[in-house]
Amino acid sequence: MSLLVVGLSHRSAPVSVLERAALPADTQAKLLQDSVAAEPAAEAAVLATCNRIELYADVDKFHAGVAELSTLLAQHSGVGLEELTPYLYVHYEDRAVHHLFSVACGLDSMVVGEGQILGQIKDALARAQELHTAGRLLNDLFQQALRVGKRAHSETGIDRAGQSLVTFGLEQLAVREPVETWAKGKRALVIGAGSMSSLAAATLARAGVEEIVVANRTLERAERLAAILGEQGGAAVSARAVPMDQVAHELTRADVAVSCTGATGLVLTAEAVTAAVEGRVPAGSWAGDVPAQARNGSGGQTAQPTVADEGCPVDLAAPRGFSVAGEAAVAGMDAASLEQHAAWVDNAPAERREEKADPRAEADAITALVAAARVFGRLPERRRPVSSASAARPAVLALLDLAMPRDIDAAVHRVRGVRLVDIESLAEASADAPMAADVEQVRGIVSDEVAAFGAAQRAAHITPTVVALRTMAADVVASEIARLDGRLPGLAEKQRAEITQTVRRVVDKLLHAPTVRVKQLAGEPGGAGYADALRTLFDLDPQTVASVSRADHLGADRTGAEQPDPDHVNPDHSNNENDDPNRGRA
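The structure presented is a predicted model; accordingly, all values stated were derived computationally and were not measured. (Residues numbered from 1 in each chain as written. Predicted model: local features only at pLDDT ≥ 70, side-chain atom pairs only at ≥ 80, totals over all residues. Heavy atoms only, no water.)

## Points about the overall build of the protein
Looking only at helices and strands, one finds 23 helices and 10 strands in the protein. For the protein, with 586 residues in total, the buried portion stands at 48%. The contacts in the protein between residues at least 6 apart in sequence include a share of 73% that link residues at least 24 apart. With an accessible surface of roughly 27,500 Å², the protein has 52% of that area assigned to carbon and sulfur atoms. (Helix = DSSP H or I, 4+ residues; strand = E, 2+ residues; numbered from the N terminus. Buried < 20%, exposed > 50% of the residue type's maximum accessible area, 1.4 Å probe, protein only. Contact = heavy atoms within 4.5 Å. Areas by Shrake-Rupley, 256 points an atom, 1.4 Å probe, with all protein chains shown as cover.)

## Side note on the nonpolar core
Soluble globular proteins: nonpolar side chains tend toward being buried together. Of all hydrophobic cores here, the largest spans 65 residues; its most connected members are Leu165, Ile212 and Leu402. With near-sequence residues (within four places) excluded, Ile212 lies in contact with Ala188, Val190, Ala201, Leu204, Ala205, Leu229, Val237, Ser238, Ala239 and Arg240. In this structure, Ala45, Leu125, Phe142 and Val148 belong to the second largest nonpolar core, which totals 36 residues. (Core = buried A, V, L, I, M, F, W, Y, C linked by side-chain atoms within 4.5 Å.)

## Notes on helix 11 (residues 195–207)
Taking 1.5 Å per residue, 13 residues should reach 18 Å; helix 11 reaches 18 Å between its end C-alpha atoms and fits that length. Taken as a whole, helix 11 has its buried residues at Met196, Ser197, Ala200, Ala201, Thr203, Leu204, Ala205 and Ala207. (Expected span 1.5 Å × (residues − 1).)

## So, the sheet that holds strand 6 (residues 211–216)
In a beta sheet, neighbouring strands are held together by backbone hydrogen bonds and run either parallel or antiparallel to one another. Spatial ordering of the open sheet is given by 7-6-5-8-9-10, a layout of 6 strands whose pairing is parallel. Bordering the open sheet on either side are strand 7 (238–243) and strand 10 (418–421), each of which pairs with just one other strand. Between one strand and the next, the sheet's axes are offset by a mean angle of 15 degrees, whatever the strand orientation. For strand 5 (residues 187–191) and strand 8 (residues 256–259), the ladder comprises 4 bridges, and the chain directions are parallel. Among the inter-strand pairings, Ala188 is bridged to a residue of strand 8, identified as Val256. (Pairing = 2+ DSSP bridges. Axes fitted to C-alpha atoms, helices over the stretch in contact; angles between N-to-C directions.)

## A short note on the packing of aromatic side chains
Using the criterion set out here, one finds 3 aromatic pairs in the structure. Judged by centre distance (5.4 Å) and plane angle (80 degrees), the rings of Tyr56 and Phe142 are edge-to-face. Of the two residues, Tyr56 sits in strand 3 (residues 52–59) while Phe142 sits in helix 7 (residues 136–155), which places them 86 residues apart along the sequence. Pair check on accessibility: Tyr56 and Phe142 agree, each one buried. (Phe/Tyr/Trp six-rings, centres within 6.5 Å; stacked < 30°, edge-to-face > 60°.)

## A word on the side chain of Asp422
In this fold, Asp422 is placed in the loop between strand 10 and helix 19 (423–430). Since its relative accessible area comes to 4%, Asp422 is described here as buried. Of the polar contacts made by the side chain of Asp422, one reaches the side chain of His413; its length is 3.5 Å. (Polar contact = N/O pair within 3.5 Å; in protein donor to acceptor, adjacent residues only side chain to side chain.)

## With respect to the sheet that holds strand 4 (residues 89–92)
Read from one edge of the open sheet, 4 strands run 2-3-1-4, paired in antiparallel fashion. For this open sheet the edge positions go to strand 2 (41–49) and strand 4, each flanked by a neighbour on one side alone. Neighbour to neighbour, the strand axes of the sheet diverge by 15 degrees on average, direction disregarded. Here strand 2 runs beside strand 3; their pairing, made up of 8 bridges, is antiparallel. Bridge pairing in strand 3 places Glu43 opposite Asp58. Helix-sheet contacts for helix 6 (residues 116–130) involve strand 2 and strand 3, and the interaxial angle to strand 2 is about 145 degrees.

## Comments concerning the state of the cysteines
Under the criterion given, the structure shown has 0 disulfides. Note on Cys260: no disulfide assigned, nearest cysteine sulfur contributed by Cys50 at a separation of 7.0 Å. (Disulfide = S-S within 2.5 Å.)

## Concerning the pattern of salt bridges
All told, the structure shown has 20 salt bridges when counted by the stated rule. Linking Arg187 and Asp255 is a salt bridge whose minimum nitrogen-to-oxygen distance equals 3.6 Å. Of the two residues, Arg187 is situated in strand 5 and Asp255 in the loop between helix 13 (247–251) and strand 8; the sequence distance between them amounts to 68 residues. When its relative accessible area of 29% is taken as the criterion, Arg187 is described as partly exposed. It is possible to trace a salt-bridge network through shared partners that takes in Arg11, Arg52, Glu54 and Asp108. (Salt bridge = Lys/Arg side-chain N within 4 Å of Asp/Glu carboxyl O.)

## Examining unusual backbone geometry
With an omega dihedral of 5 degrees, the bond running from Met404 to Pro405 counts as a cis peptide bond. Within the secondary structure, Pro405 sits in the loop between strand 9 (397–401) and strand 10. Located in the positive-phi region is His132, a residue other than glycine, with phi close to 60 degrees. Within the secondary structure layout, His132 lies in the loop between helix 6 and helix 7. The phi angle at Val175 is positive, at roughly 60 degrees, despite the residue not being glycine. With respect to the helices and strands, Val175 occurs in the loop between helix 9 (165–174) and helix 10 (179–183).

## What about the packing of helix 5 (residues 94–104) against helix 7?
In the contact formed by helix 5 and helix 7, the axes pass within 8 Å of each other and the chain directions differ by 45 degrees. If you check the angle between helix 5 and helix 7, you find them oblique. Helix 7 is crossed by helix 5, and the crossing has right-handed handedness. Residues Val97, Leu100, Phe101 and Ala104 of helix 5 form the contact with helix 7, whose participating residues are Leu141, Phe142, Gln144, Ala145, Val148 and Gly149. Looking at the contact of helix 5 with helix 7, its residues break down into 8 nonpolar, 2 polar and no charged. (Parallel < 35°, antiparallel > 145°, perpendicular 65-115°, else oblique. Left-handed = near helix turned anticlockwise from the far one by under 90°. Nonpolar A, V, L, I, M, F, W, Y, C, P; charged D, E, K, R; others polar.)

## Considering the packing of helix 6 against helix 7
Where helix 6 contacts helix 7, the two axes come as close as 10 Å, and the packing angle between them is 165 degrees. When the interaxial angle is binned, helix 6 and helix 7 end up roughly antiparallel. Pair helix 6 / helix 7 crosses with left-handed handedness. For the pair formed by helix 6 and helix 7, the contact residues are Leu118, Ile121, Lys122, Ala124, Leu125 and Gln129 on the first element and Leu138, Asn139, Phe142, Gln143, Ala145, Leu146, Gly149, Lys150 and His153 on the second.

## Some words on the pairing of strand 8
Along strand 8, one buried face is formed by Val256 and Val258 and the opposite face, lined by Ala257 and Ser259, is buried too. Bridging between strand 8 and strand 9 involves 4 bridges; their strand directions are parallel. Along strand 9, the bridge assignment pairs Ala257 with Leu399.

See below:
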């Protein structure tokens, strides 16, 4: 086994990088095909979720495999290799197995213990099987990972340690209230009709919302989901479907909206959200915690999306991937533009200085941003999490963005009357979540299963050598029986059959104990050397062993089933295939 995984996740990379590196379904297929076409990889599978992108492969060379898989990930994600490399992690052989089993149990999830990852692993395996990029190793690995994940959920209380991202996200929106209390009587808009959106809609229905509107690019899918909700939600839940062009209108009626689509661009911009809540925000409603760069000195009000200071050489209202003035507005600017803006702030006339709380501090902040731009090439979105005090204040519109890349403009965090929870804020919240005692029990299960899987793989590794040995023995028996026929041409058929059966029994008995024992020893750490010893002692042809191995992999690819063990026979029984007197005859 030479299993290698190269990937990045919410634990190794910021959301902004994960967002840019997200792989659509067609890109995942191309990545798999290119991976197996590369020299180091014989098999490949991609596990791509909203917070991880991992490429698994069976490689014959570690360093060449890491270099090739990293390059392929960069090429297909569109993120440059130099930028992507610091966020990549690499696991090899048993560590790679341990990683996938931990992922399957929810130990590596953003919300520890969530079970949705099992469905995503199943989909990853199905995709690799459909494209014929998964052979025996990855089939065995992913199927065992699914079994380990199910075992963890059935034998422990890991479900109590965490929930799905949907449930966790709704809890963040509800803040200090139970979700059922917070959701009761609300009108919900669900954008998207995929698995995550369907889960969100079902969760909202159970929580007690009054109405659910489903919007999707394919209206038929939205209608199907709405029909299911209507059937399962009972009379208390009204569900209907609308096309995507009705989202803006439905947003003006909604109290909560959940979005999870496969769109590569924004589904809800800050302008659209601002328009939706305009006129609905009661006096004194909250604006959330706004970073100092987005406030002015007169009351600390949030800067409006389309307002730029008169005479400023930098158009803060121009779209740059974000749409609200302040820190978000300068995200993506180059160093020269920032320097120009800093000079304008620093040389502000007296009347404009009076409007600023501290123009020198603002100029210094922009100078720091210039330095960051020179180092990183661009400025990522940086925001402060909403404090508990401000989060407790009511919002007119609650938004939950579960998409990667994001569906909702991050600048919505600064729109008055709106509370946005997205993947980034979920990561911040889950970092402080308490770990259940069951997590340790699951870790024990993972360790045991990794050891068992490694032993099984090492034992399976020696099977081609054992098969080649038995094939050689069968050839020797056949040769000697043919020689006997030449010496005793008049030998009766019954006598010939008895001699043939006796010779084969002797050979089987001589080989049975050592081949069974060598497979047991091969399951132990360092057991691969026993296969080499067998090949050397019996002078087995390496090409014969390789051909048996290729046939074994081909059989696994076609059937997905375990191949018969040549040593699971009783040499004392005369009714098995080894006792067929005609075996080996022309």
